[in-house]
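Okay, here's what each chain looks like letter by letter:
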Amino acid sequence: MSNIFASRHQNGGDDHDPACPVSIHDMTVAYHRRPVLWDIDYAAPQGKLIGIVGPNGAGKSTLIKACMGLLPLASGSVRFYGKPYRAQRQIVGYVPQRESVDWDFPASALDVVTMGRYGRLPWCIPPRRRDKNAALAALEQVGMAEFSHRQISRLSGGQQQRVFLARALAQDALIYFMDEPFAGVDASTEAAIVTLLRALKARGRTVLIVHHDIQTVREYFDEVMLLNMRIIAAGPVEEVFTQENLQKTYGGRLTLLDKAAQAMARIGRH
Amino acid sequence: MYSLRTARSLLALAVMLLVSVPAASPAWASGEPSRSRSITDTSLQWPSGETLARVLLFRDYNTRVVVIGTTLLGAAAGVIGTFAYLRKRALMGDALSHATLPGIAIAFILLGAKSLPLLLVGATITGVLGVFAVIGLRTIPRIREDAAIGIVLSVFFGVGMVLLGVIQQMRTGQEAGLSGFIYGKAAAMLAADAWLIGVAAIVVVAGCGLLFKEFRAVCFDPQFASSIGVRVHLVDFIMMALVVLTTVVGLQAVGLILIVALLIIPAAAARFWTDDLRMMTILSAVFGALSGYFGSTFSALLPRLPTGAVIVLCAGGVFGMSMLLAPKRGLLAASYRHWALRRNTAYQHLLRALAELEEQFGEGAEIPSARLAGARRWSPLHMRSCLAAARRRGAIERREQDVITLTPSGRAQARRMLRNHRLWELYLIRHADIAPSHVDRDADDVEHVLSEGIVRELEDELTDITGVPPSPHGSRSAS
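Here the residue numbers are simple positions, counted from 1 along each chain's written sequence. For naming, the first written chain is A and the first written ligand is 1, with later ones following in the order written. With the structure being a predicted model, the display of local features is reserved for residues of pLDDT at least 70 and the display and counting of side-chain atom pairs for 80 or more, all residues being used for whole-chain, interface and lining totals. In computing side-chain properties, one takes all heavy atoms of the structure into account and sets aside hydrogens as well as water.

Another point: the overall build of chain A. Segments assigned H or I by DSSP are reported as helices when at least four residues long, segments assigned E as strands when at least two residues long, and all are numbered from the N terminus. Scanning chain A for helices and strands turns up 11 helices and nine strands. Buried residues are those whose accessible area, probed at 1.4 Å on protein chains only, stays under 20% of the maximum for their type, while exposed residues exceed 50% and partly exposed ones sit between those limits. Expressed as a percentage of its 270 residues, the buried residues of chain A come to 53%. The contact criterion used throughout is that any non-hydrogen atoms of two residues lie within 4.5 Å. Counting contacts in chain A only where the partners sit at least 6 residues apart, residues at least 24 apart contribute 70% of the total. Only the protein chains shown count as cover for residues, and the accessible areas themselves come from Shrake-Rupley with a 1.4 Å probe. A total accessible area of about 12100 Å² is found for chain A, and carbon and sulfur atoms account for 51% of it.

Residues and elements named next belong to chain B. Fitted lines through C-alpha atoms serve as axes, helices being fitted only where they are in contact, and the angles separating the N-to-C directions of these axes extend from 0 to 180 degrees. Following both chains from N to C, one finds helix α3 (residues 61-86) and helix α13 (residues 277-301) inclined at 150°, their axes separated by 7 Å at the closest point. It follows that α3 is roughly antiparallel to α13 by the angle criterion. For the pair α3 and α13, the crossing hand works out as right-handed. Put simply, Ala, Val, Leu, Ile, Met, Phe, Trp, Tyr, Cys and Pro go in the nonpolar bin, Asp, Glu, Lys and Arg in the charged bin, and everything else, Gly too, in the polar bin. Residues that form the contact of α3 with α13 fall into these classes: 13 nonpolar, 12 polar and no charged. In these notes the angle categories are as follows: under 35 degrees is roughly parallel, over 145 is roughly antiparallel, 65 to 115 is roughly perpendicular, and the rest is oblique. Definitions for this section: a left-handed crossing has its near helix turned counterclockwise from the far helix by less than a right angle. A right-handed crossing has that turn clockwise.

Another point: the sheet that holds strand β2 (residues 34-43) of chain A. Residue and element names in this part refer to chain A. Ordered in space as β2-β1-β4, the three strands form an open sheet in which the pairing is antiparallel. Single-partner strands in this sheet number two, and they are β2 and β4 (75-79). Averaged over all pairs of adjacent strands, the angle between strand axes in this sheet comes to 30°, irrespective of strand direction. If DSSP finds at least two bridges between two strands, the strands pair. Pairing geometry for strand β1 (residues 23-31) and β2, over six bridges, is antiparallel. Counted as the bridge partner of Val 29 is Leu 37 from β2.

Residues and elements named next belong to chain B. Tracing the backbone shows Leu 277 in helix α13. Given a relative accessible area of 0%, Leu 277 falls into the buried group. Between the C-alpha atom of Leu 277 and that of Pro 266, which follows or precedes it by 11 residues, the distance is 14 Å.

Residues and elements named next belong to chain B. Here a patch means residues that are over 30% exposed by relative accessible area and free of salt bridges, tied together within 9 Å if like-charged and within 5 Å if nonpolar (Val, Leu, Ile, Met, Phe, Trp, Tyr). Salt bridges are defined by distance alone: a side-chain nitrogen of Lys or Arg within 4 Å of a carboxyl oxygen of Asp or Glu. On the surface, Trp 273, Met 321, Leu 324, Leu 325, Leu 331 and Leu 332 cluster together into a nonpolar patch covering about 580 Å² of accessible area. Among the secondary structure elements, those contributing two or more residues to the nonpolar patch are α14 (307-325) and α15 (331-361). With three residues, α14 is the single largest residue contributor to the nonpolar patch. Here Leu 324 shows up in helix α14.

This brings us to helix α8 (residues 191-210) of chain B. Here, expected helix span is obtained from the residue count minus one, scaled by 1.5 Å. For α8(B), spanning 20 residues, the distance from its first C-alpha to its last is 28 Å, which sits close to the expected 28 Å at 1.5 Å a residue. Here α8(B) has its buried residues at B:Asp193, B:Ala194, B:Leu196, B:Ile197, B:Gly198, B:Ala200, B:Ala201, B:Val204, B:Gly207 and B:Cys208.

The subject of this paragraph is the interface of chain B and chain A. Chain B puts 31 residues into the contact, and the matching count from chain A is 33 residues. Once two parts are joined, some of their accessible surface, as seen by a 1.4 Å probe, is lost; buried area is that loss totalled over both. Summed over both partners, the interface of chain B with chain A comes to about 2900 Å²; 61% of that surface belongs to carbon and sulfur atoms. Three residues stand out in chain B for area buried against chain A, namely B:Lys213, B:Phe220 and B:Phe224, and they jointly supply 27% of the buried area on that side. Here chain B is connected to chain A by five salt bridges. The definition of a polar contact used here is a pair of N or O atoms within 3.5 Å, where within protein one atom must be able to donate a hydrogen and the other to accept one, and adjacent residues in sequence count solely through side-chain atom pairs. Put simply, chain B and chain A have 12 residue pairs in polar contact (both at pLDDT 80 or more) between them. Mapped onto the side of chain B that touches chain A, the elements with two or more residues apiece are α1 (2-20), α9 (212-220), α10 (222-227), α11 (232-254) and α13 of chain B. Looking at the side of chain B that touches chain A, the element that brings in the most residues is α9(B), giving six residues.

One finds A:Phe177 and B:Phe215 to be the most contacted residues of the largest nonpolar core, which totals 170 residues. The biggest single contributor to this core is α11(B), with 15 residues. Look past the residues within four positions of B:Phe215 in its chain and what remains in contact with it is B:Ile80, B:Phe83, B:Cys208, B:Val235, B:Ile238, B:Met239 and B:Leu242. For our purposes a nonpolar core is just a set of buried Ala, Val, Leu, Ile, Met, Phe, Trp, Tyr and Cys residues, chained together by side-chain atoms within 4.5 Å. Ranked by size, the runner-up nonpolar core spans 22 residues in total, among them B:Leu354, B:Leu387, B:Ala390 and B:Leu418.

Have a look at this one:
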């Protein structure tokens, strides 16, 4: 009995299914009090490749950052297999946008990928041989083994993206969030990423991917979330990815929602 | 759980404060009277042979203290500066150092006496306040980091200057040597002060060594670091605490205006030499230490020069040499690479022009150099140097003054160049829909960078081409 109470308490009383890899309940996110995501409710299915699609400014990156606790929630909650992020860091991997870092940092590809193992190591303990080997294996998986000692600024954009993917792989997570991994990469990297995503799916991993190219959604993903400040539709691609839903997602901004958000931002400034 | 975290963060602060307490040094402000100088007095007082020997052989106790102190300070600043620089927080150090001045003045007013440790505690308190003020201002929309730093730096420094003025009036014209903190007064350093710097240097080096992994993760990608559970705020706090520690113990030697230079310059210089963070940290420490050592030695030899400024100029010298001489990223290496590329391009153009002329005159023909000069708009001087280079590389022979022949190896190279050039032209015409009249110039640039792999791909695209195809746009060297 006490277990039930404990789990109710941990879930904050919300309805989060412990079998669901990512469940989002009533999430609202704001930048400087201006809401950018409204009332998001979502339950990601286990072991699928899920595309998050929507126009610029729809809040796609914001959604995954908020899920990972990188942005504060104005309201709502997110659970990973029923537990909050703080308890599940080990099983959640993150591939940020390539432009989010300065690639002139003094590090080799191997150094960066090894950072994927840092979460497993306690304070002050440097990475060991085991971690280096895991990092090398991850580089191998993305076809970058021969570049492991190359300075990261001397890699092409596609190779840098693969290094970021390898860093997340080295973490060996169950759930992955990827922020536009296909943005600005060459054809061979695009193919390598697709192969990698299928391999992750075959191993039962759940992958949520912010994606900007609606042409390739049907080809790459099992599930899709259409997002424009709120969820327009989410589910299997063949059911959800319809002309009508796309029209709703991309057909102009939601003027009233936008105006309300701006009004709230103005209040915040006073 | 929460209290443990708080305890950890307090520990960093406690270490910092403890370190600044044990040093007792009453006479820090008693520089010799001979050092007082006016701006109009410009003679440097060149050192006598005896002074030279005394300083360089470390015979003089005071000099020894100052040199050791500034060397250790330079090393510590080099180490923590590496991370501040990579975290793009180096200018925060400037806001911090300027914000120490009001703390020094307030501590002096409250105590009514000169006690270095307590003045440094005051400096630490307002310095940290300054850092928090920058962080706080930054969260306000429309105030960017540079503006926040500028505001905090100038306002805190202004408050400090006003307080110094107040002290001057209180003490009938004596500001008690507090201005030594502004410009630095290394000669006033005592053994206890050098010890203080030594302990601080150990704390800084040990801290950076232990937290190397955390510092690296936070400097490179704080968002990712946070996502895997690195406590980014705490790591940033410790990093900033070590910057505060280094700044505060270095105030007396270098002065609050110039101390930021020791945080930035050695790190920026080290970046030129290496792509490895560990090596960069070590080099930065070495550069900082060298700057401290040479700077204080020079200023011991020339006591009229302010030590802080000389130390910073030495660091600037190290930076300048790194910028010029570093093997991969240095300016000289870069301009050599550029020059070598241009020379190679000219060489390949020459060979290709010869191959085109051989198509007209027949293989092995003696080509008049006048025709070669007509193929490209080469100046006679440029062509002479190109021809000389080609002959040195064994690609051409020159039997008579104005007749040139390709050697067999030169011919092979020349025909390969010509083939690459024409393959690229054909590729542009067929696959990129570029007009034949335009492709020559495009191919001119590209032919030098075509690797074997790209050539093979070109061959796959243009399967009907074997050997050297004829020019798709008519020969340029034909009259």
